[in-house]
Every structure is written in structure tokens, then in C-alpha cells.
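Now for the letters of each chain:
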Amino acid sequence: MSIPNHILEQLNSQADLISIIGRHTTLKRAGNEYKGCCPFHGEKSPSFYVNPQKNIYHCFGCGVGGNAISFLRDYESLTFIEAVNELSKQTGIEVPKEEQQNVSYQRTKQPTVKPTPQAPTAPTSENSTPARQNQDNSASSYSDAFVYDEGHYDNYPPLEVYDSVPYSPENDGLDYQSSSDNGYPPSWLTDIDSITNLHNLNPAADEDGNLYELLEQIQQFYQHNLATHPHAKHYFLSRGITEDIFETFGLGYAPFGWQHLEHQFPQDIEGLKALGLVRQSESGRDYDLLRDRVIFPIRDNQGRTIGFGGRALDNEVKPKYINSSDSPVFHKQHVLYGYYESRQQRADSWLVVEGYMDVIALYQAGIYGAVASMGTAINESQISRLLTLNPTLTLSFDGDSAGQKAAWRTLEVALPVLADDKELRFLTLPNNHDPDTFIKSQGGDAMREQIANAMPLSQYIFAYLSERYDLTLAEGKAKLMSQVRSLTTALPKGSSFRYLLNNDIYQKLGGKRSQNVEAKDALLDFDGDMTISQQLQLCFLFQPRTLIDDPIEIIWQRAGINGLHLPPHIQQKASPDVLRPIAWEDLQDTALIDIVSTIKRCLNYLPKDANAAAHFILSNLKPLTQETLSRGWGGFYKTLTARNVLSLDELVENLVMQLLKLHLQKKMQELIKNPDHIKLAIVRKQSQLLNDWLRAQQAEQSAQMVTVQS
């Protein structure tokens, strides 16, 4: 299977190389790079470096180096196709399977579009005025007919309007300032000497063209037009953009002509259509996508032009923004505007904004690292990549309803990649400003201060949800907590932030008494004679989501038992599975194992209502377990709801820890009776780590209580 080079380049550039290599060795940030011990050869001093900007790795010890595909092939022993398919899954970039798309296209010898020559006799003013007026009216209807949907350009103009207008170069909207009357574009547009840098005509017209080269030529053509059309240049100058920024971002202008690209690139019609810059009506007539718009070239991670964004000069024109469509070299969902320019400035912090002008205004103010998506919501892989470059990512969205909805959607997308060492912050500028207008009004230093004081994720979630629920009512609090619990389940497995965020918001809602105290009191009020296992079983019935991430594994990890280091003489004699976490089966509690396994099996099918979910679980338990729990469930549920207990996270953790302590104590007693010095030493060390962590937890809780009471 032949895979186009541009697809391979996209896969390598978009892959999360830090995460891929991080599965096999510990990487730590070292300036703009990450370093660690080389996974290819044993070493004690780290000499293995990963550059997330270029997405490559190199070991100065053994000399190995490469990109994402080479690492998967050389270290994980995948075949080339397997490595490509793996990266395709990770990045979302589709690998063509049958008819291979590539960046080549067939150039033609002769222009396919030739404007109709003017009649030898000029029409009288009486006859020409209605015709021109009719064409202007049609063009107006044409522009008003577009429908815009979140940056997508999917509804074309009424074709009957387009087809009813006879194309004539004198009416194409360009001020050529030419005395030529032969019907062809003016000399400034076609004179080879004047546009050498715009379009290098290849005498071998039948040779294949290259889409990247064509895009670069189109970008230069648009940029040249900006210099020759004062009204377009005035638009940028009026927005406070300086001329040196024109060059940095390659800003340009697409003239109003219906077919200006085909006039300029007559041999490249196939390429223009492949890029979506030239469209075709049902009657077969071609027209340019971008007309009378200022142009924002869109670049990939290597700085190559891959597409264009166009903004109407008139704010009344809809849609205001149009992006060129997806093509073999441009995939909207994988590109961030401003990413390449920020990398060139070695940006060390990153800010997601809504628009092209926001990116440019921040860059001009010396605030590098601002990026914007292509009219679609930023996706998980893009957020993951930005968090790899810096563990803190700030999102700046407008304060209106649409902007805040976009911010919330981005939050939901980001949660699965928000590990404990990553942070998401939210910036809503005052007085309905966006970054562009705020910088013009307040200046760059004020903007930096706003970014530094952006709201942490935990505060943003509470602020956002508290505006949507009546927190004076228990029902409002319950609804808010239900949404918070739903959100936190999306966090990575083993996340400490999940517990801390839930607890933080419980405290905000519950006043000075913590949910953990309320839950413990509820259990005592219900039945103080229940065993630890029975209490835990009822807790799992009330809050089955607790088992999404195994509580035993979480405690084992948080207490540091999973990283237990043994003396060499013990490690040599210990069996391979001696350090594995305790499993529920090890506790030898039939009823507890039954409810844990049943909940894990039914999690995806449970109703949202806690009582309904509990009865669903009960109906799937073994008869003896079902009978025992059914007797206690009704009273337990009433007791918890009467106290407005919303979460049992802390109580479940405490109960599981008590079971683990009892299990380790029992195991030590058995090993003393039936001596096994190796296993006994290991179990004692595990028990010590668990007790140390438990004491630390209790000390922290005591400190929190003192703070609350004061």
C-alpha cells in the first residue's frame, strides 16, 4: 500500500510523541525539550531527548533518533503499516486506502477559461446602464444568499443568479486601470516581468503540478493584491495591524472577480478545484470561492501554506468568514491558526482564542502562543499537544452566550487528557472585549495581567453551573453535583483531581460540615452494627460510579505501594506477582465480590436516578446477596437523602482502606505461623506504606477542619 508523503508528514507532526515514548520511559521537561533515560539502551544518566516542537527524538548515548513512526517501528516492533494505522487512530488523520490522494495534479497546456472579448462597438449609455444595474442587483442577491454555520461554507449561492449573469471582465469588480479593450486581464496581472515572484510559469505545461507549490503562489498573488488595493489594506491598518505583520502572517486580498484565480493560473485549474478554491455550478460554470475578502493564509506545522481564510470587508456580508474547504493538504480539525508563527517565536505558554484577528493582535503585542481553530471546536488531540508544550493551557472565549457555550464544550473535550500535572484556565475579558479589542483599549501589559489571573478550572465549573441552578434549594444543589460527578468521570483513570474537585464543590455547597462527616453520621444513624464490608456494599449501591476506577488500585497508587523498591536480595527471591495490587478476590468476601463484579458489568446500563440504579443492580445479584442488601437498602437510602448526602467518595475510600489494613494484618499473621521471610518482609513494607499514607490523610483532614472552624 502506497501512502502519500504528505499524509506521513501530517501523522508525524500531529502525533503526541511525548505520550508515545512516555509509555516506555520517564520524560521530564528540560527547557523546550523533554529528557529521560534512553529506552533503546540501558543507562543511568539521561541522554535521550524529545523535541515536541519538531516532534523528533534523539539519544546522544547510542545515537538512535527519529519520529513517531520510526519509534513505533523500532521500539514497539510494529510494521510500517501498523505504525501508520496506530498514528491514524491517535490523530484522527485518515489514511486513504483505495484511490490514493496526493499533492500532485495534471497541469494543462492552455487556459481553460478565456474571457469573452468586448464587442467592437461600445454600447450606448442608455442600453448599458440597465444591464449593469441588473448585474449589480444579481451580484447583491448572490452574496446575500449564503448561509453560515460555525465556519462551514456548505450552502452555495443560487445558481440561477450566477448563471443569469453573463461574465464580462469589465464587470468583474477589479479596477484594472487599463486602456486595453481586448477583454483579457490587464497587463499588471499578466505581465511576466511584473509578477515573476507571483507565478513562475512552467514551460513544461503538461507536467504534474504540486498543491503545496500552487498554494504558495496563490498566497503571493493574494499578498500582491493587498498592496495594489488600498481599500483592502486600509481594513488591516484600521484594525491597528502594522505592515511588518502583513509579511509575518502573509496577509492578502482576494479581488472581486468571479474567475480571477483561473485568469492568474490558467494551467492549474485542476489544482484550484482540488483545493476547493474554485467551485463549479450545476451548469458547469466555474467561480472563485473567495472574492472581495481580506485573506489569512493558513499554515501547517512546517510553515507551508495549506489553505486560506477570507473575511468580508463589509460587516453586513454573510458569512463574515469563509475558510477554504478540506483538501489533500488541508484538514480543518488538525490545524491551529497561529501555531507555526508562535513556534517561530519559541512560545512557552499557550492561549486558545476564537478568531484570526485575536491571534494577530496578541502576536503584535508580543504575546506569543495564541492559536485559533478553523471555525470548528478545538479537539482533544490539539489540546493534548498544547498541554505537552506547556502543562497550563488558557482558553479565552467571548463572554456572550455563544462564547461561554464554546468554552464549556472545550472543557468537556479537554477532561480526558487533563492529567494531574496539567491545568486548564479560563479567561473571559471584561466589558465584552475579545483579545483584539482589549489590547487596543488597554494595551499589552493589561492583557498579560488578565492572562496571568485567568480562572482555574475548578472555579470556572462552579461559577458556570451556579448561574444555571438555584443553589438556595436542595434540588438545585443536587442537580449541580450530578453534573459535576458526570464531568469528573471523564478525567483520566486514577486522577486525584477527580476526588479533589468533587470535594471542593461539596464544601462550597455544604457549608462547614463536610460530606464525609454527614455520610459517617448517616451510617451510624442507620445501623451501627454493620460490618465494614456491609457498609461498603451499601455505599456501592448508592454510588456505583465509584467503581469506574478501582478504589483498591487508586489507594495502592496514592499510598506509593505500586512503586515499592525492594532490596536486591529480596527482589531476586520474590515471585513475579508478589507486588501486584490486592484484588477484590483476595479479600475472600463472597457478597462484596458479587456486588463489585455486578456493578462493573452493569455500569453502562444503569439509570441516572440513584434509587432506580440500585434496584437494577439488586436484580442482577446472586439471591443470597440480593436478599441481605434488599433488607437494608430502603432505610439506608432514606437516611442519606434526609441528610442531603450527595457523595460517598471519602467514606468509600476510608472503608476500603480499613478492609486493606485488616487483610494485610491477617496475611502477616498467616506468614508468621507459616514462615515465609520474603513474603513477610514485603507485606510488612506494604502495610507500613499504607499506614503512613493513612496518617498523612488524617492529618490533612484535621488541618482542614481547624481551618473551617476558624
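Below or above, wherever it landed, is the structure these notes cover. (Residues numbered from 1 in each chain as written. Predicted model: local features only at pLDDT ≥ 70, side-chain atom pairs only at ≥ 80, totals over all residues. Heavy atoms only, no water.)

Things to note about the sheet that holds strand 17 (residues 370-372)
Ordered in space as 17-16-18-19-20, the five strands form an open sheet in which the pairing is mixed. Two strands close off the open sheet at either side, each with one partner strand: strand 17 and strand 20 (455-456). Two elements, strand 19 (residues 423-427) and strand 20, share two bridges in a ladder whose sense is antiparallel. The partner of Arg425 across the bridge, within strand 20, is Pro456. Together, strand 16 (350-353), strand 18 (392-396) and strand 19 form the strand contacts of helix 18 (residues 444-452), whose direction differs from that of strand 19 by roughly 130 degrees. (Pairing = 2+ DSSP bridges. Helix = DSSP H or I, 4+ residues; strand = E, 2+ residues; numbered from the N terminus. Contact = heavy atoms within 4.5 Å. Axes fitted to C-alpha atoms, helices over the stretch in contact; angles between N-to-C directions.)

So, the nonpolar core
In terms of nonpolar packing, the biggest core is built from 60 residues, with Ile218, Phe236, Leu251 and Tyr337 touching the most fellow members. A per-element tally of this core places helix 8 (residues 211-228) first, with eight residues. With residues up to four places along the chain from it excluded, the contact list for Leu251 reads Gln223, Leu226, Phe236, Ile241, Ile245, Phe246, Ile295, Phe296, Pro297, Tyr337 and Ile360. Counting 53 residues, the second-largest nonpolar core is a separate cluster that includes Ile561, Leu606, Leu621 and Leu640. (Core = buried A, V, L, I, M, F, W, Y, C linked by side-chain atoms within 4.5 Å. Buried < 20%, exposed > 50% of the residue type's maximum accessible area, 1.4 Å probe, protein only.)

Quick notes on the pairing of strand 4 (residues 56-59)
The alternating pattern of strand 4 places Tyr57 and Cys59 on a buried face, while none of Ile56 and His58, on the opposite face, is buried. Sheet topology note: the strand 3 (residues 48-51)/strand 4 ladder contains four bridges and is antiparallel. Residue pairing in the sheet places Phe48 in a bridge with Cys59 of strand 4. Taking the residues that link successive antiparallel strands as the turn, the strand 3-strand 4 hairpin has four residues, and the phi of Asn55 there is positive, at about 60 degrees. Taken together, the two bridges between strand 4 and strand 5 (residues 65-66) define a ladder with antiparallel strand orientation. Across the sheet, His58 pairs through a bridge with Gly65, a residue of strand 5.

Here we look at empty space enclosed by the protein
Tallied over the entire structure, the rule returns five cavities of 30 Å³ or more. In this model, the largest cavity occupies a volume close to 290 Å³. Forming the walls of the largest cavity are 16 residues, and the residues nearest its centre are Arg498, Tyr499, Thr546, Ile554 and Asp649. Mapped by element, the contributors of at least two residues to the lining of the largest cavity are helix 21 (496-510), helix 24 (551-558) and helix 29 (649-673). For the lining of the largest cavity, the leading source of residues is helix 24, giving four residues. Counted by class, the lining of the largest cavity contains six nonpolar, four polar and six charged residues. (1 Å grid on protein atoms, 1.4 Å probe; cavity = no way out; pocket = protein on both sides within 12 Å on 5 of 7 lines; lining within 4 Å. Points joined across faces, edges and corners; volume = space filled by probe spheres on them. Nonpolar A, V, L, I, M, F, W, Y, C, P; charged D, E, K, R; others polar.)

Comments concerning helix 26 (residues 590-602)
Taking 1.5 Å per residue, 13 residues should reach 18 Å; helix 26 reaches 18 Å between its end C-alpha atoms and fits that length. The set of residues buried in helix 26 consists of Leu592, Asp594, Ile595, Val596, Thr598, Ile599 and Cys602. Its buried side turned inward, helix 26 meets helix 23 (532-542), helix 27 (610-618), helix 28 (623-642) and helix 29. (Expected span 1.5 Å × (residues − 1).)

Examining the packing of helix 1 (residues 5-14) against helix 4 (residues 80-91)
Put simply, helix 1 and helix 4 touch, their axes get as near as 10 Å, and they point 60 degrees apart. Taken as axis vectors, helix 1 and helix 4 run oblique relative to one another. In this structure, the crossing between helix 1 and helix 4 has a hand that is left-handed. Contact residues: Leu8, Leu11, Asn12 and Gln14 in helix 1; Phe80, Val84, Leu87, Ser88 and Thr91 in helix 4. Of the residues assigned to the contact of helix 1 with helix 4, the class counts are five nonpolar, four polar and no charged. (Parallel < 35°, antiparallel > 145°, perpendicular 65-115°, else oblique. Left-handed = near helix turned anticlockwise from the far one by under 90°.)

Here's the deal with the side chain of Glu653
As for its placement among the helices and strands, Glu653 is situated in helix 29. Those residues within four positions of Glu653 in sequence are excluded, and the remaining contacts are Ile555, Arg558, Trp693 and Gln697.

Observations regarding the pattern of salt bridges
The tally for this structure, following the rule as stated, stands at 19 salt bridges. Across the salt bridge formed by Arg299 and Glu341, the nearest N and O atoms sit 2.8 Å from each other. On the criterion of sequence distance, the pair formed by Arg299 in strand 13 (residues 293-299) and Glu341 in helix 13 (residues 339-344) is long-range, its members being 42 residues apart. Glu341 gets classed as buried once you look at its relative accessible area, which sits at 5%. Residue Lys332 is joined to Asp326 by a salt bridge in which the shortest nitrogen-to-oxygen separation is 3.5 Å. A relative accessible area of 11% places Lys332 in the buried class. We classify Asp326 as partly exposed; its relative accessible area is 38%. One continuous salt-bridge network, built from bridges that share partners, spans Glu9, Asp300 and Arg304. (Salt bridge = Lys/Arg side-chain N within 4 Å of Asp/Glu carboxyl O.)

A closer look at the sheet that holds strand 14 (residues 305-312)
The strand order across the open sheet formed by four strands is 10-13-14-15, and the pairing between neighbours is antiparallel. Strand pairing shows two members of the sheet lacking a second neighbour, strand 10 (252-254) and strand 15 (321-323), which therefore form its edges. When strand polarity is set aside, the average angle formed by the axes of neighbouring strands in this sheet is 35 degrees. Two strands pair when backbone bridges link them, and strand 14 and strand 15 are joined in this way by three bridges, in the antiparallel orientation. Paired with Gly310 across the two strands is Ile322, which belongs to strand 15. Strand contacts of helix 8: strand 10, strand 13 and strand 14, with the helix running at about 30 degrees to strand 14, the strand carrying the most contacts. Packing against the sheet, helix 14 (residues 356-364) makes contact with strand 13, strand 14 and strand 15, and its axis sits at approximately 75 degrees to strand 13.

A short note on the pairing of strand 14
Taken across its eight residues, strand 14 has eight buried, putting it largely inside the fold. Alignment of strand 13 against strand 14, held across seven bridges, turns out to be antiparallel. Bridge pairing in strand 14 links Val294 to Arg311. What sits between the antiparallel neighbours strand 13 and strand 14 is a turn of five residues, in which Gly303 has the positive phi angle 90 degrees.

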